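# Survey of secondary and tertiary structure
The chain contents come next:
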Amino acid sequence: MRPLAYVRPGDVPAALRAITAEPGARFLGGGTNLVDLMRQDVERPATVVDITGLPLDRVEQAPDGGVRVGALVRNSHLAAHPVIRGRYPVLAQAVLSGASAQLRNMATVGGNLLQRTRCPYFYDGAAACNKREPGSGCDAIGGLNRDHAVLGASEACVATHPSDMCVALAALDAVVVVESLRGERRVPMEDFHRLPGGTPHIESAIEADELVTAVELPPCPVAATSRYRKVRDRASYAFALVSVAAAMEVRDGAVAEVRLALGGVAAKPWRAREAERVLLGAPAVEESFRRAAEAELAAATALSHNTFKIELARRTVTATLLRLLTDGSAA
């Protein structure tokens, strides 16, 4: 690996030039996960660009009532910010459920967005993995796949996306802001991560010459009544088997507005559009919640070791919506 390329504080154009300096360069993301991948010899970047001096570390309120979160905002700062805790509690809860306090103090919003799967076959250089080496196969399909995807998988890849934060962002209709020397563009969170299809090594919509600079949260009154629920093998430092980000408003006994996204079940945060469709206008009762969960999971396909995930996802969706209802905050 070549030495670090340092960027002067505030010099965003220099950072953009640095990430495209190598002919045929491939953008690898960043953050603590890139360090993990380099240690495991999964990634071998020719150059690592240090962007920590860029002015992307602020949480700012927008005139329309939304919020702009810089890509270098630390996860711990995001979770503790009073505006996030008050207007978007599901996001604060999701961030706090991920990793240890020490990691949250180091990890950034941009790094969280671009972290890669924790599939053990991806990290094992002796295993076949289409994400790591396109065309080599997927040993997870016939292997130990208890933690793997039940939605949106393909014959090429069954890995899941590991982020908690991104599940909440998907439910909130967040927008990812990316910048290159060609200018700035905005990508809806639901479109930022890609399902594997036949090209699982292409994981996001970001181009090789682009840098994530911010995440924008639109005004979302229903988000004030929201919750993140994470089901995992142990209470701390474990990735989700299934997680649910939910926001709901009930008027006159019926679901008037709802946002729902699932984690731990697909290669990207899974926006539960079918469940939302079933819920809108339905009576705000357990039967409706269960029916919506069943509709969303109707397309799920289990592998040899993860059939339990489908029922677990149904129950977690139902339990999360019930909690929003019964604690009095949704009505």
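These lines cover the structure that appears in this document, whether it is placed above or below. Since we're looking at a predicted model, the values are computed, not measured.

## Some details on the sheet that holds strand β9 (residues 242-251)
Pairing within the open sheet is antiparallel, and its 4 strands lie in the order β8-β9-β10-β11. Edge positions in the sheet fall to β8 (226-231) and β11 (270-271), since each has one partner strand and no second. Sheet topology note: the β8/β9 ladder contains 6 bridges and is antiparallel. When the bridges of β9 are listed, V231 appears paired with V242. In the packing of helix α12 (residues 286-297) onto the sheet, the strands contacted are β9, β10 (254-263) and β11, and the crossing angle to β10 comes to about 40°.

## A short note on the packing of aromatic side chains
Under the criterion given, the structure shown has 1 aromatic pair. Ring centres of F122 and Y123 lie 5.6 Å apart, and the angle between their planes is 90°; this geometry places the pair in the edge-to-face category. Neither F122 nor Y123 differs from the other in exposure class; each is buried.

## Quick word on helix α13 (residues 308-326)
With 19 residues, α13 should cover 27 Å at 1.5 Å per step; its first-to-last C-alpha distance of 26 Å lies within 8% of that length. Three or more residues of α13 are buried, namely K309, I310, L312, A313, T316, V317, T318, T320, L321 and L324. As for α13, its buried residues are in contact with β8, β9, β10, α11 (273-279) and α12.

## Thoughts on unusual backbone geometry
In this structure, D41 takes a positive phi of about 65° despite not being glycine. Residue placement: D41 occurs in the loop between α2 (31-39) and β2 (49-50). Overall, the relative accessible area of 43% leaves D41 in the partly exposed class. Of note in the backbone geometry, D173 takes a positive phi value of approximately 60° without being a glycine. The residue D173 is located in the loop between α9 (165-171) and β5 (175-180) in this model.

## With respect to the side chain of H81
With respect to the secondary-structure elements, H81 resides in the loop between α3 (75-80) and α4 (82-87). In this structure the side chain of H81 is engaged in a polar contact, spanning 3.1 Å, whose partner is the backbone nitrogen of V83.

## Concerning the pattern of salt bridges
Following the criterion strictly, the structure yields 28 salt bridges and no others. For K131, the salt bridge is made with E203, and the minimal N-O distance between the two is 3.1 Å. Pair noted here: K131 is in the loop between α8 (120-123) and α9 and E203 is in the loop between α10 (189-192) and β7 (211-217), with a separation of 72 residues, a long-range link. Neither K131 nor E203 differs from the other in exposure class; each is buried. R186 is paired through a salt bridge with E184; the nearest N and O atoms lie 2.9 Å apart. With relative accessibility at 40%, the residue E184 sits in the partly exposed group.

## A look at the pairing of β10
For β10, the tally of buried residues reaches 7 of 10 residues, placing the bulk of the element in the interior. Bridge analysis of β9 against β10 gives 9 bridges, and the strand direction is antiparallel. Residue A245 lies in a different strand from β10, and its bridge partner there is A261. Linkage of β9 to β10, two consecutive antiparallel strands, is achieved through a turn of 2 residues, within which D252 is found at a positive phi near 55°. Sheet topology note: the β10/β11 ladder contains 2 bridges and is antiparallel. Note on β11: the bridge partner recorded for L262 is W270. Between β10 and β11, which follow one another and run antiparallel, lie 6 residues, and G264 among them has a positive phi close to 75°.

## Comments concerning α12
The end-to-end C-alpha distance of α12 is 17 Å, a good match for the 16 Å that 12 residues give at a rise of 1.5 Å each. Of the positions making up α12, those classed as buried are S288, F289, A292, A293, E296 and L297. Across the axial projection of α12, the buried residues extend over an arc of 165°, all falling on one side. Residues of α12 that are buried sit in contact with β9, β10, β11, α11 and α13.

## Looking at the nonpolar core
Within soluble globular proteins, side chains that are nonpolar tend to cluster in buried spots. Grouped together as the largest cluster of nonpolar side chains are 43 residues, with contacts concentrated most on L91, L113 and L217. With 7 residues, α9 is the largest single contributor of residues to this core. Those residues in contact with L113 that lie beyond four places of it in its chain are H161, M165, C166, L169, V176, M189, F192, H193, V212 and V215. Counting residues in hydrophobic clusters, the runner-up holds 31 residues, among them L151, V242, W270 and L312.

The rules behind these values
- Residues numbered from 1 in each chain as written.
- Predicted model: local features only at pLDDT ≥ 70, side-chain atom pairs only at ≥ 80, totals over all residues.
- Heavy atoms only, no water.
- Pairing = 2+ DSSP bridges.
- Helix = DSSP H or I, 4+ residues; strand = E, 2+ residues; numbered from the N terminus.
- Contact = heavy atoms within 4.5 Å.
- Axes fitted to C-alpha atoms, helices over the stretch in contact; angles between N-to-C directions.
- Phe/Tyr/Trp six-rings, centres within 6.5 Å; stacked < 30°, edge-to-face > 60°.
- Buried < 20%, exposed > 50% of the residue type's maximum accessible area, 1.4 Å probe, protein only.
- Expected span 1.5 Å × (residues − 1).
- Polar contact = N/O pair within 3.5 Å; in protein donor to acceptor, adjacent residues only side chain to side chain.
- Salt bridge = Lys/Arg side-chain N within 4 Å of Asp/Glu carboxyl O.
- Arc of directions from axis to C-beta.
- Core = buried A, V, L, I, M, F, W, Y, C linked by side-chain atoms within 4.5 Å.

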